[in-house]
Amino acid sequence: MADAASQVLLGSGLTILSQPLMYVKVLIQVGYEPLPPTIGRNIFGRQVCQLPGLFCYAQHIASIDGKRGLFTGLTPRLCSGVLGTVVHGKVLQDLGPGNVQKEVTPSFDQVIKETTREMMARSAATLITHPFHVITLRSMVQFIGRESKYCGLYDSIVTIYREEGILGFFAGLIPRLLGDIISLWLCNSLAYLVNTYALDSGVSTMSEMKSYSQAVTGVSFLKPP
């Protein structure tokens with residue numbers, strides 16, 4: 001229980017701190033470029049047209065909606081993070097402890113079992129939290145058209161349900177699930193290959209090197225001895 005609470009608190013803190021970055025990233029991903037390009041230089045020293053950077057973009061948002069506007073969509077994103085952490089941990093607990101041994105490099109069969117276990121937990125968390133994910137994105141993107149349909153969590157829920165029904169809360173669920181699953185299997189497979197074939201088990205810094213490979217690939221279950 002204490003571990004889950006600490007994870008929720010840590011995740012909530014990181015979510016709050018990263019919200020302006022998330023906001024800018026979403027607007028850039030949907031192709032919204034409100035500021036004209038400027039003349040700059042690339043890594044080769046040539047003059048090129050450059051789009052505004054992160055901080056210029058954030059300043060533009062703050063100049064219109066104020067600094068508080070940089071945290072648009074924070075409430076549903078916090079709800080998504082907290083609920084996702086709880087569901088993920090609960091599913092892993094219900095599935096039972098993993099079978100990866102700590103003293104030896106896990107076998108490929110163990111990697112498959114642990115990856116499947118993690119996939120089920122992540123998929124359940126994604127399914128449960130996706131409505132909040134939809135509300136988060138829509139509340140951010142409406143900045144482009146200066147709309148006000150998704151101004152609060154309750155109003156957003158009512159609007160989506162009235163206009164699109166229950167299915168509206170799960171718009172874009174399939175590509176999000178596929179992206180999570182594919183990235184999980186790729187990262188875990190890569191970590192297994194690196195830990196098994198690329199690292200020498202006789203090196204004194206084996207545990208540290210394996211920890212680095214886990215951090216790079218995002219794997220949490222391939223625990224070094």
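Chains are numbered independently. Their residues run from 1 in the order of the written sequence. Side-chain atom pairs in this predicted model are given and counted only at pLDDT of 80 or more, local residue features only at pLDDT of at least 70, and totals for whole chains, interfaces and linings cover all residues. Excluded from the side-chain calculation are hydrogens and water; included are all heavy atoms of the structure.

1. Focus on the overall build of the protein
Phase 1: Only DSSP runs of H or I with at least four residues qualify as helices, and only runs of E with at least two residues qualify as strands; both kinds are numbered from the N terminus onward. Within the protein one finds seven helices and two strands.
Phase 2: Listed N to C, the secondary structure of the protein is α-β-β-α-α-α-α-α-α in terms of helices and strands.
Phase 3: Partly exposed residues are those whose accessible area sits between 20% and 50% of the maximum for their type, while under 20% is buried and over 50% is exposed, using a 1.4 Å probe and protein chains only. When each of the 225 residues of the protein is scored for burial, the buried share is 33%.
Phase 4: Note on definitions: a residue-residue contact is assigned when non-hydrogen atoms from the two residues lie within 4.5 Å. Long-range contacts, defined as pairs at least 24 residues apart, comprise 67% of the intrachain contacts of the protein with a sequence gap of at least 6.
Phase 5: The accessible surface values rely on the Shrake-Rupley method and a 1.4 Å probe; as for residues, cover is taken only from the protein chains in view. Summed over all atoms, the accessible surface of the protein reaches about 13700 Å², with 64% contributed by carbon and sulfur.

2. Overview of the nonpolar core
Phase 1: Among the nonpolar cores identified, the biggest contains twelve residues, and these are M22, Y23, V24, V26, L27, Y32, Y57, A58, I61, L70, M140 and F143.
Phase 2: Counting only elements with at least two residues in this core, the list comes to α1 (2–29) and α2 (54–65).
Phase 3: If one sorts the elements of this core by residue count, α1 sits on top with five residues.
Phase 4: Setting aside residues up to four positions removed in sequence, L70 forms contacts with Q19, P20, Y23, A58, I61 and A62. The definition of a nonpolar core used throughout is a set of buried Ala, Val, Leu, Ile, Met, Phe, Trp, Tyr and Cys residues joined through side-chain atoms within 4.5 Å.

3. Some points on helix α4 (residues 108–141)
Phase 1: Here α4 is 34 residues long, yet its end C-alpha atoms lie only 43 Å apart, well below the 50 Å a rise of 1.5 Å per residue gives.
Phase 2: What is called the bend at a residue is the angle between a pair of axes, fitted to the seven residues leading up to and ending at it and to the seven starting from it. Of all the bends in α4, the largest measures some 50 degrees and sits at T129, one to four residues before the proline P131. By this rule, a helix spans an expected 1.5 Å times one less than how many residues it contains.

4. Description of the side chain of T136
Phase 1: One can find T136 in helix α4.
Phase 2: If we ignore the near neighbours within four places in the chain, the residues touching T136 are G73, P76 and R77.

5. Overview of unusual backbone geometry
Phase 1: Phi at R146 is positive, roughly 55 degrees, even though this residue is not glycine.
Phase 2: Its location among the elements puts R146 in the loop between α4 and α5 (153–164).

6. Let's talk about the pattern of salt bridges
Phase 1: A carboxyl oxygen of Asp or Glu within 4 Å of a side-chain nitrogen of Lys or Arg is what we treat as a salt bridge. Scanning all chains against the criterion turns up six salt bridges.
Phase 2: Between R146 and D65 there is a salt bridge, and its shortest N-O distance comes to 2.7 Å. Taken together, the residues R146 in the loop between α4 and α5 and D65 in helix α2 connect sequence positions 81 residues apart.
Phase 3: Linking K149 and E163 is a salt bridge whose minimum nitrogen-to-oxygen distance equals 3.1 Å. With a gap of 14 residues between them, K149 in the loop between α4 and α5 and E163 in helix α5 connect regions that are remote in the sequence.
Phase 4: Judged by relative accessible area, E163 falls into the partly exposed class, the value being 44%.

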